[in-house]
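Each chain, letter by letter, is given below.
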Amino acid sequence: MRKLRVVTLVDRPTVTGGAERLAVQVATRLDRERFESILCASRRTEEPLLDQELAEAGVEVLALNRGSRLDLRAWRPLLHRLQDGVDVVHAHMFGSNVWGTVLGRLSHVPVVVAHEHTWSFQGQAWRRFLDRELVGRFADAFVAVSGEDRRKMIEVEGVDPDKIRLIANGIPDPPGGFGEEVRRELGIDASAPVIGVVCELRAQKALEVLFEAAVLLREEFPGLAVLVAGDGPERQRLEAEVQRLHVNDTVRLLGIRRDVPALLDALDVAVLSSDYEGSPLSVMEYMAAGKPVVSTRVGGLPELIEEGRQGLLVEPRSPEALAEAVGRLLRDPEEARRMGVAGRERQQREFSLDAMVRRVEQLYEELWLASPRRAT
């Protein structure tokens, strides 16, 4: 095979977590002997660390600076680029999936891949329609990140099962961290119980449920600290919720942290209280850090966390169940340690970024070889 030219399409690439970060990591790790990598950002923001990472990996960057959803002219540079010998378009998340499919087909790109990074699959009939009738019909592959997402794409959205490819997320090997420094910085005693979460502050994460669980937990664990690392549109509402529940001395909204490995090392238990998820990278990071996980039983979480082995699963929107599961692990450090070790072993075995990238590369080549549009 000749070297394939791949355009990765995202809305806002970032150095922090989430689907956009994963897309960047895949784009920078494609085998340079087999692929030429181009990253197209439709609404790019300046991030010096990201620029440096892309430059060092030899990834070409195309920034569209799209101002709004109706800014159709902003897509013109991408359309021209796609007509200049691009072999694969790989779009990530709903908006980019739609535009990547439309522009890829208009430009006669041999392979179009759409990548779903989960959503609630509830309401938004127009989104289900576009996923089914546009992306599902005209993309060559529609990637799901978990078996549960694949099921919902078929049963709820009506996407053709033959178009869906399951590729589990993965994370790079994390650097080590020193939790003692984080505890010292935050004034937390070395023996105090600490639980936490790293996420974007969005309604999906249901962090108010974690705060309500903290109210119950601190009755038994008076020195409890709950660390929340991340920022987002829900910050103001969550700050008000902390005040309402009178947990100011327990819950710390830390904002974006650049020392996530050290922060995770400071935790006794990692928590996820989301209403819905796909295959969350944060949970893989908790596992890689050797932390037991207490999570809601939603989306692809049961595929990541086996009940009683790498952590505990509870029903969503139940602060009582969340508090009971966290309390169980805080009371039994040996059980928590055992689950953390099992989680690290499973993450290294099944959810590494290198393994994910190899599966993506294989998909590109398989679809290109089968495409009637390709030029040899």
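Residues numbered from 1 in each chain as written. Predicted model: local features only at pLDDT ≥ 70, side-chain atom pairs only at ≥ 80, totals over all residues. Heavy atoms only, no water.

Visitor: For this particular structure, what's the right way to read the overall build of the chain?
Guide: When you go through the chain residue by residue, the secondary structure sums to 15 helices and 13 strands. For a compact globule of 376 residues, the expected C-alpha radius of gyration is about 21 Å, and the chain comes in at 21 Å, within 12% of that figure. Here the chain, with 376 residues, has 56% of them falling under the buried criterion. In the chain, 70% of the contacts between residues at least 6 apart in sequence involve partners at least 24 apart. Distance between charge centroids for the chain: 5 Å, based on 51 positive and 60 negative side chains. (Helix = DSSP H or I, 4+ residues; strand = E, 2+ residues; numbered from the N terminus. Rg over C-alpha atoms; globule rule 2.2 N^0.38 Å. Buried < 20%, exposed > 50% of the residue type's maximum accessible area, 1.4 Å probe, protein only. Contact = heavy atoms within 4.5 Å. Lys, Arg positive; Asp, Glu negative; His and termini not counted. Charge placed at Lys NZ, Arg CZ, Asp CG, Glu CD.)

Visitor: It is not clear to me how the sheet that holds strand S10 (residues 251-255) should be interpreted in this structure. Could you clarify?
Guide: For sheets, the rule is that strands pair by backbone hydrogen bonds, running either parallel or antiparallel. Strands sit in the order S10-S9-S8-S11-S12-S13 across an open sheet of six strands; the sheet is parallel. Strand pairing shows two members of the sheet lacking a second neighbour, S10 and strand S13 (311-314), which therefore form its edges. Shown here is a sheet whose adjacent strand axes are inclined to one another by a mean of 20°, direction ignored. Pairing of strand S12 (residues 293-296) with S13 involves four bridges; the strand directions are parallel. Bridge assignment links Ser295 to a residue of S13, and that residue is Leu313. Contacts from helix H11 (residues 281-288) reach strand S8 (194-198), strand S11 (269-272) and S12 within the one sheet, and its direction differs from that of S11 by about 170°. (Pairing = 2+ DSSP bridges. Axes fitted to C-alpha atoms, helices over the stretch in contact; angles between N-to-C directions.)

Visitor: Explanation requested: the environment of Arg202 in the structure shown.
Guide: Among the structural elements, Arg202 can be located in the loop between S8 and helix H8 (207-220). Classification of Arg202 by relative accessible area gives partly exposed; the value is 31%. Between the alpha carbons of Arg202 and Glu234 there is a distance of 5.3 Å; along the sequence they are 32 residues apart. Setting aside chain neighbours within four positions, we find Arg202 in contact with Pro233 and Glu234.

Visitor: Can you help me understand the sheet that holds strand S4 (residues 88-92) in this one?
Guide: Taken together, seven strands build an open sheet; the order of strands is S3-S2-S1-S4-S5-S6-S7 and the sheet is parallel. Two strands in the sheet have a free side with no partner beyond their single neighbour: strand S3 (60-63) and strand S7 (164-166). Between one strand axis and the next, the sheet turns by 25° as a mean value, whatever way the strands run. Pairing analysis gives three bridges linking strand S6 (residues 141-144) to S7, with the strands arranged parallel. Note that in S7 the partner of Ala144 across the bridge is Leu166. Helix H6 (residues 147-155) contacts S6 and S7 of the sheet and is inclined by roughly 135° relative to S6.

Visitor: Any chance you could explain the nonpolar core here in plain terms?
Guide: As a rule of thumb, nonpolar side chains are buried together in soluble globular proteins. Among the nonpolar cores identified, the biggest contains 88 residues, and Ile195, Leu207, Leu210, Phe211, Val228 and Val283 are the most heavily contacted of them. Top contributing element to this core by residue count: helix H15 (residues 353-370), with eight residues. (Core = buried A, V, L, I, M, F, W, Y, C linked by side-chain atoms within 4.5 Å.)

Visitor: Before we go on, may I ask you to explain the packing of helix H1 (residues 19-29) against H15 in this structure?
Guide: A pair of packed helices is characterised by two quantities: the angle between their axes and the separation of those axes. As a packed pair, H1 and H15 sit with axes 10 Å apart at the nearest point and diverge in direction by 70°. Viewed along their axes, H1 and H15 adopt a mutual orientation that is roughly perpendicular. Mapping the contact onto sequence places Leu22, Gln25, Val26 and Arg29 in H1 and Leu353, Met356, Val357, Arg358, Val360 and Glu361 in H15. Grouping the constituent residues of the contact of H1 with H15 by class yields six nonpolar, one polar and three charged. (Parallel < 35°, antiparallel > 145°, perpendicular 65-115°, else oblique. Nonpolar A, V, L, I, M, F, W, Y, C, P; charged D, E, K, R; others polar.)

Visitor: For this particular structure, what's the right way to read the pattern of salt bridges?
Guide: Think of it this way: side chains of opposite charge can pair up when their charged atoms draw near. For the structure shown, the criterion picks out 42 salt bridges. Put simply, Glu361 and Arg358 hold a salt bridge, and the shortest N to O gap is 2.8 Å. Residue Glu361 and its partner Arg358 are located together in helix H15, separated by three residues, close to a single helical turn. In this structure Glu361 comes out as buried when scored by relative accessible area, which is 1%. Overlapping salt bridges bring together Asp31, Arg34, Arg358, Glu361 and Glu365 as one network. (Salt bridge = Lys/Arg side-chain N within 4 Å of Asp/Glu carboxyl O.)

Visitor: Looking at this structure, I do not really get the pairing of S8. What am I missing?
Guide: The side chains of a regular strand alternate between the sheet's two faces. Along S8, five of the five residues are buried, which leaves the element largely enclosed by surrounding structure. Burial along S8 is two-sided: Val194, Gly196 and Val198 and Ile195 and Val197, pointing in opposite directions, are all buried. Relative to strand S9 (residues 225-229), S8 runs parallel, the two sharing five bridges. Within the sheet, the bridge partner assigned to Val194 lies in S9 and is Ala225. One crossover worth recording links S8 to the parallel S9 by way of H8, and it is right-handed. Summarising the sheet, S8 and S11 pair through two bridges and their orientation is parallel. (Right-handed = clockwise from strand over helix to strand, strands pointing away.)

Visitor: Is there a simple way to think about helix H14 (residues 333-350) in this case?
Guide: Residues separated by three or four positions in an α-helix point in the same direction, a consequence of the helix having 3.6 residues per turn. Here H14 spans 26 Å end to end across 18 residues, near enough to the 26 Å set by a 1.5 Å rise per residue. Among the residues making up H14, those that are buried are Glu335, Ala336, Met339, Gly340, Gly343, Arg346 and Gln347. Down the axis of H14, the smallest arc covering the buried residues is 135°, so these residues share one side. The outward face of H14, more than 90 degrees from its buried face, is lined by the exposed residues Gln348 and Arg349. Looking at the packing, one finds that the buried side of H14 touches H11, helix H12 (301-304), S13 and helix H13 (319-331). (Expected span 1.5 Å × (residues − 1). Arc of directions from axis to C-beta.)

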